[in-house]
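Single-letter residue listing:
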Amino acid sequence: MSNNNSMLIQPGHLRLADLRRIATESLQLTIDPAADAAIAVSAQTVRDVVAQGAPAYGINTGFGKLAKTHIPDAQLERLQLNLVRSHAVGTGALLDDASVALILALKAASLARGFSGVRPAVIAALLALYNGGIYPCIPAKGSVGASGDLAPLAHMTLALMGEGEVRVGGNIMPARDGLAAAGLSALTLAAKEGLALLNGTQVSTALALRGLFAAEDLFAAAVVAGALAVDAARGSDAPFDPRIHAVRGQPGQIDVAAQYRKLLSGSAIRRSHLVNDDRVQDPYSLRCQPQVMGACLDLIRNVAATLTIEANAVTDNPLVFVGTDGVGGEVLSGGNFHGEPVALAADTLALAIAEIGALSERRVALLIDASLSGLPPFLVREPGLNSGFMMAHVTAAALASENKSLAHPASVDSLPTSANQEDHVSMATFAARRLLEMAVNTRGIVGIELLAAAQGIDFHAPLQTSPALQQVHALLRARVPFYAEDRYFAPDIAAVTQLLEEHTLTPWVAAILPSFA
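Residues numbered from 1 in each chain as written. Predicted model: local features only at pLDDT ≥ 70, side-chain atom pairs only at ≥ 80, totals over all residues. Heavy atoms only, no water.

(A) Structural view of the overall build of the chain. On a plain count of helices and strands, the chain comes out with 20 helices and 10 strands. Relative to a compact globule of 517 residues, whose C-alpha radius of gyration would be 24 Å, the chain shows 26 Å and is just as compact. A principal-axis box enclosing the C-alpha atoms of the chain has dimensions of 90 × 50 × 45 Å. For the chain, contacts bridging at least 24 residues in sequence account for 77% of all contacts bridging at least 6. Across the chain, the centroid of the 36 positively charged side chains sits 2 Å from that of the 46 negatively charged ones. (Helix = DSSP H or I, 4+ residues; strand = E, 2+ residues; numbered from the N terminus. Rg over C-alpha atoms; globule rule 2.2 N^0.38 Å. Contact = heavy atoms within 4.5 Å. Lys, Arg positive; Asp, Glu negative; His and termini not counted. Charge placed at Lys NZ, Arg CZ, Asp CG, Glu CD.)

So this is what it looks like as structure tokens:
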């Protein structure tokens, strides 16, 4: 539930559109007061367990292989403090603010389900960081995605305790100073709270969601670019006929074909070669776009469903279950922290991102090949004197090839940790983290295709493309002029890439994307 720049989080009911907003907008988040009772009862159950003195994992015992070690009541706060400090072992570049913001929100929403045994103050502290734009400095590397994202979440938790560093307005400072500047106090963790904060898949889920949102934007841009390329190459719109796709029945394919029909409708370029065109069939990169992009859309939708569930999930350990009458709590140890669902979803999404770029690269190759496109060689006047798009295609090929390596599944790898207590791990965090790098590569490929397709459209003047694609062409030409002769080309690619980073083309295809459904 949201309006303007505020959002009321109903634990367990976050929608994909909400998650996109949390990651991309400056919001003020609050937890639905209806969750307060469950949170309070869960926290009281932990206090009761401590009072009873019976061993309960993570509450009054050591962790992992040290779970048989009983910890006296007087040292329970120290136990949580030691846990956080010892697990903050991340390395590498820091996660960006958007990812950290989403991590904070996901962790707060998960704890607010009332199965984690933390006090309301812990959840409030997480939301205070998000709402205040105070982002814990979280190194990107160091999680295997098994007992949750332990190392990165430990760095997040350090900031709540006034330790480590935070980033505010792009400036890195000691966490205690960042908290003080916002009028916040450092948090002292009670029994189980450190473990509840460290266990969980919120880092890998946040990174996978960021990859999903990027994939949606890339998908939309590639569909638009592909339609523009069809007209630039004087391709046929017959392969997008709904009857073809209906008899196969694949839902993504059916939906994508409809988008191509809509984008190409009314093209004068298409009307100009409806008759007396000796070409029988277009190459696959034009003709099979609904089949390839439709399959990618199906994967994106499946991943969206998995990640929406995971974003609402309770994934720490142990979990606190209270009787239906609000009394008689039980603490159960399980394995919801294992990141396999996120790892497999991220690996699947990596395939889609790679394929979107691979198909786009093939269309660039087609457009610069005069024997296939019918356009001037390398899309430039006076070829030979001018090299035109020759090297731009090389860049697209390099990016597509790099994505092939990055698309290798991370989830098939597993190294046992914690003296073989954690003997199978998911590698979910890396699986998710590499998605944004792949998205940057595919964005570059699609950007180059848009430039090439716009160039091809210009060569067909005075014939015009469809009204919808004329708008796209105008957007491109507002950033990058016609390539009349060789010039410094990198700024052109950077300009169109920036246009894609601004999600400018997403609205053209948003109706079939899961974040906008």
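There's plenty left to go through after this.
(B) Region of the structure containing the sheet that holds strand β8 (residues 171-174). What the 3 strands build is an open sheet, ordered β5-β7-β8; its pairing is antiparallel. The open sheet has two edge strands, β5 (134-136) and β8, and neither has a second partner. Averaged over neighbouring strand pairs, the angle between their axes works out to 35° when direction is ignored. Bridge analysis of β5 against strand β7 (residues 165-168) gives 3 bridges, and the strand direction is antiparallel. Note that in β7 the partner of Pro 136 across the bridge is Val 166. Contacts from helix α4 (residues 97-111) reach β5 and β7, with the element oriented near 90° to β5. (Pairing = 2+ DSSP bridges. Axes fitted to C-alpha atoms, helices over the stretch in contact; angles between N-to-C directions.)

(C) Up close: the side chain of His 273. Turning to its location among the elements, His 273 is positioned in the loop between α12 (268-272) and α13 (284-287). Among the polar contacts listed, one links the side chain of His 273 to the backbone oxygen of Arg 234, at a separation of 3.4 Å. Excluding its chain neighbours within four sequence positions, the residues that come into contact with His 273 are Arg 234, Gly 235 and Arg 279. (Polar contact = N/O pair within 3.5 Å; in protein donor to acceptor, adjacent residues only side chain to side chain.)

(D) Quick look at the pairing of strand β2 (residues 6-9). On β2, burial follows the alternation: Met 7 and Ile 9 on one face are buried, whereas Ser 6 and Leu 8 on the facing-out side are not. Relative to strand β3 (residues 28-31), β2 runs parallel, the two sharing 4 bridges. Counterpart to Met 7 in the pairing with β3 is Leu 29. For the handedness criterion, the β-α-β arrangement of β2, helix α1 (residues 16-24) and β3 is classed as right-handed. (Buried < 20%, exposed > 50% of the residue type's maximum accessible area, 1.4 Å probe, protein only. Right-handed = clockwise from strand over helix to strand, strands pointing away.)

(E) How the structure looks around the nonpolar core. If you look at the biggest cluster of nonpolar residues, it comprises 165 residues, and the most contacted ones within it are Leu 209, Phe 219 and Leu 367. Sort the elements by how many residues they give to this core and helix α9 (residues 202-232) lands first, with 22 residues. If sequence neighbours within four positions are ignored, Phe 219 has contacts with Val 256, Met 293, Leu 297, Ile 300, Ile 356, Val 509, Ile 512 and Leu 513. (Core = buried A, V, L, I, M, F, W, Y, C linked by side-chain atoms within 4.5 Å.)

(F) Quick peek at the pattern of salt bridges. As enumerated under the stated definition, the model contains 19 salt bridges in all. With a shortest N-O distance of 3.0 Å, Arg 21 and Glu 25 are connected by a salt bridge. Owing to a relative accessible area of 36%, Glu 25 belongs among the partly exposed residues under this scheme. Put simply, Arg 363 and Glu 449 hold a salt bridge, and the shortest N to O gap is 2.5 Å. You can see Arg 363 sitting in helix α15 (residues 340-368) and its partner Glu 449 sitting in helix α18 (residues 428-459), a full 86 residues away along the chain. The buried category is assigned to Arg 363, whose relative accessible area is 1%. Taken together, the shared-partner salt bridges connect Arg 20, Glu 216 and Asp 217 into one network. (Salt bridge = Lys/Arg side-chain N within 4 Å of Asp/Glu carboxyl O.)

(G) Examining the packing of α4 against helix α5 (residues 120-132) more closely. Between α4 and α5, the shortest axis-to-axis distance is 9 Å and the interhelical angle comes to 160°. In terms of orientation, α4 and α5 fall into the roughly antiparallel class. Considering how the two elements wind past one another, α4 and α5 form a crossing that is left-handed. On the side of α4, the interface is formed by Ala 101, Leu 104, Ala 105, Lys 107, Ala 108 and Leu 111, while α5 contributes Val 122, Ile 123, Leu 126, Leu 127, Leu 129 and Tyr 130. Among the residues making up the contact of α4 with α5, the classes are represented as 11 nonpolar, no polar and 1 charged. (Parallel < 35°, antiparallel > 145°, perpendicular 65-115°, else oblique. Left-handed = near helix turned anticlockwise from the far one by under 90°. Nonpolar A, V, L, I, M, F, W, Y, C, P; charged D, E, K, R; others polar.)

(H) Structural context of helix α20 (residues 490-501). The end-to-end C-alpha distance of α20, which contains 12 residues, comes to 16 Å, matching closely the 16 Å that a straight helix rising 1.5 Å per residue would cover. Of all the positions in α20, only Asp 492, Ile 493, Val 496, Thr 497, Leu 499 and Leu 500 are classed as buried. Along the long axis of α20, the arc covered by the buried residues comes to 150°, so they all point the same way. Of the surrounding elements, those touching the buried residues of α20 are α9, α18 and α19 (467-479). Following α20 by one or two positions, His 503 adopts a phi angle in the positive range, close to 60°. (Expected span 1.5 Å × (residues − 1). Arc of directions from axis to C-beta.)

Everything listed here is a matter of coordinates, which is why it stays silent on function.
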